[in-house]
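Working through the structure, step by step
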Amino acid sequence: MGSFKVFALAVFCVLALNFYVGSAQLKTNFYSKSCPNVEKIVKQAVALKFKQTFVTAPATLRLFFHDCMVNGCDASVMIQSTPGNKAEKDHPDNLSLAGDGFDTVNKAKAAVEKQCKNKVSCADILALATRDVIVLTGGQSYPVELGRRDGLKSTAASVNGNLPKPTQNLNQLNAIFRKVGLDQNDLVALSAAHSIGFSHCNHVQKRLFNWNSPSKVDPTLNKVYANQLKQQCPRNVDPRIAINMDPATPKKFDIQYYKNLQQGKGLFTSDQVLFTDSRSRPVVDDWAKNANNFNQAFKLAMTKLGRVGVLTGSKGNIRRVCDAFN
């Protein structure tokens, strides 16, 4: 048993070293010589796409999160499946990723390639685009570290157990985030992604009609809100019907998300538990009234997320197009 513990510790240390070596090579001015206008190019492409459809924002933000949580921020979530390989994007947990997120990155990549051929990774473009959609929806800007390389593999199997589910409790959520070096504050901060965008009725049906309670409704749900959801998502409704994540300000990235939790208006169990669990409630209460504290925590959490499992230097490559190995 003792030798196993030593071996396990050694493996952990190697993984930790790889994590920090990679992230240490990221820097905000990475393309200052090879593609000095990259941030401007991406920003313009994202703004154009956003003008065409608001879905650009939540789709891109979610794409970044789903990419980084599985094998690190290497744009592997964008790879198309082939006859010989089922890729990440086709795992059941990723099938609901909106196409506008992929399209946003592909268009930004094409714009960058016109001026800086084979210089900027899809992983970095996704990181920049994510910051830009947050700003476009009212969130605070933050510096994006760059220098990531694109991953050389993408498998559906690698997604298993690495993405949070809407039914999970705080212990389960914390366990998933800890695997990639993120703590509970990061979890609560990154959950604010649910301040914008939509979900589907199939994710809330149990809370509305099949809960283990006399009313069959999750008692942590605000009663008025529960009735509104029942009207939007009645029994036997098409599970693909979309509903807003935030019933108050669905198109604005703001601290209303935390105010909603205080009122029992978290759409998912995994949202509402951040308030009902006494371990995370103090942070929710603070950020519901203090936007500055939230903004600082969110910037830190996004920076930490953007460092997860990055490939730098000679590792990985720079794809010519983001959805295929090339």
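If you look the chain up in an unreviewed UniProt entry, it shows as Peroxidase from Papaver nudicaule. In the Catalytic activity (unreviewed entry) part of its UniProt record, the chain is described as follows: "2 a phenolic donor + H2O2 = 2 a phenolic radical donor + 2 H2O". In its Function (unreviewed entry) section, the UniProt record describing the chain reads: "Removal of H(2)O(2), oxidation of toxic reductants, biosynthesis and degradation of lignin, suberization, auxin catabolism, response to environmental stresses such as wounding, pathogen attack and oxidative stress. These functions might be dependent on each isozyme/isoform in each plant tissue."

Here we come to the overall build of the chain. Scanning the chain for helices and strands turns up 13 helices and two strands. Its C-alpha atoms give the chain a radius of gyration of 20 Å, near enough to 20 Å, the size a compact globule of 326 residues would have. Considered along the principal axes of its C-alpha atoms, the chain spans approximately 60 × 60 × 45 Å. In the chain, which comprises 326 residues, the proportion classed as buried is 49%.

Within the structure shown, the criterion is met by four disulfides. Paired by a disulfide, Cys35 and Cys116 hold their sulfur atoms 2.0 Å apart. The disulfide joining Cys35 to Cys116 has a torsion of about 80° about its S-S bond and is therefore right-handed. With a gap of 81 residues between them, Cys35 in the loop between helix 1 (2-24) and helix 2 (38-52) and Cys116 in the loop between helix 4 (99-115) and helix 5 (122-136) connect regions that are remote in the sequence. Both residues of the pair, Cys35 and Cys116, belong to the buried class. With its sulfur 2.0 Å from that of its partner, Cys201 forms a disulfide with Cys233. A torsion of -75° about the S-S bond marks the disulfide between Cys201 and Cys233 as left-handed. On the criterion of sequence distance, the pair formed by Cys201 in the loop between strand 1 (198-200) and helix 8 (205-209) and Cys233 in the loop between helix 9 (223-232) and strand 2 (242-244) is long-range, its members being 32 residues apart. Of the residues examined, Cys233 reaches a relative accessible area of 0% and is grouped as buried.

Time to look at the packing of helix 2 against helix 5. Interhelical geometry of helix 2 versus helix 5 gives an angle of 55° and a closest axis separation of 9 Å. By the criterion of interaxial angle, the relationship of helix 2 to helix 5 is oblique. Here the hand of the crossing between helix 2 and helix 5 comes out right-handed. Residues Val38, Glu39, Val42, Lys43, Val46, Ala47 and Phe50 of helix 2 lie in contact with helix 5, whose contacting residues are Ile125, Leu128, Ala129, Arg131, Asp132, Val133 and Leu136.

Mapped onto this structure's residue numbering, the UniProt feature "binding site: heme b" (unreviewed entry) falls at His194. Positionally, His194 belongs in the loop between helix 7 (184-190) and strand 1. Taking the relative accessible area as the measure of exposure, His194 reaches 25% and is therefore partly exposed. With residues up to four places along the chain from it excluded, the contact list for His194 reads Met245, Asp246, Tyr257, Phe268 and Asp271.

Moving on, we get to the packing of aromatic side chains. Within this structure, the stated rule accounts for 10 aromatic pairs. With a centroid separation of 5.9 Å and 35° between ring planes, the pair formed by Phe65 and Phe177 is classed as tilted. Here the residue Phe65 occupies a position in helix 3 (residues 56-68), and Phe177 occupies one in helix 6 (residues 170-178), the gap between them amounting to 112 residues. A residue is classified by how much of its surface remains accessible, and Phe65, at 15% relative accessible area, is buried. Ring pairs connect the aromatic residues Phe253, Tyr257, Tyr258, Trp287, Phe294 and Phe298, which therefore count as one cluster. Sitting over the face of the ring of Phe102, Lys89 holds its NZ or CZ atom 4.4 Å from the ring centroid. A cation sits over an aromatic face here: Lys206 above Trp211, 5.8 Å from the ring centre.

Before going further, it helps to spend a moment on the confidence of the model for the chain. Confidence in the prediction for the chain averages 93 pLDDT; 93% of positions are at 70 or higher. Considering only residues more than four positions removed or in separate chains, one finds that residues 3-21, a stretch of pLDDT under 50, has three contacts.

What counts, and at which threshold
Residues numbered from 1 in each chain as written. Predicted model: local features only at pLDDT ≥ 70, side-chain atom pairs only at ≥ 80, totals over all residues. Heavy atoms only, no water. UniProt positions renumbered as here; feature names shortened; annotations may be inferred. Helix = DSSP H or I, 4+ residues; strand = E, 2+ residues; numbered from the N terminus. Rg over C-alpha atoms; globule rule 2.2 N^0.38 Å. Buried < 20%, exposed > 50% of the residue type's maximum accessible area, 1.4 Å probe, protein only. Disulfide = S-S within 2.5 Å. Axes fitted to C-alpha atoms, helices over the stretch in contact; angles between N-to-C directions. Parallel < 35°, antiparallel > 145°, perpendicular 65-115°, else oblique. Left-handed = near helix turned anticlockwise from the far one by under 90°. Contact = heavy atoms within 4.5 Å. Phe/Tyr/Trp six-rings, centres within 6.5 Å; stacked < 30°, edge-to-face > 60°. Lys NZ or Arg CZ within 6 Å of the ring centre and 35° of its normal. pLDDT = per-residue confidence, 0-100.

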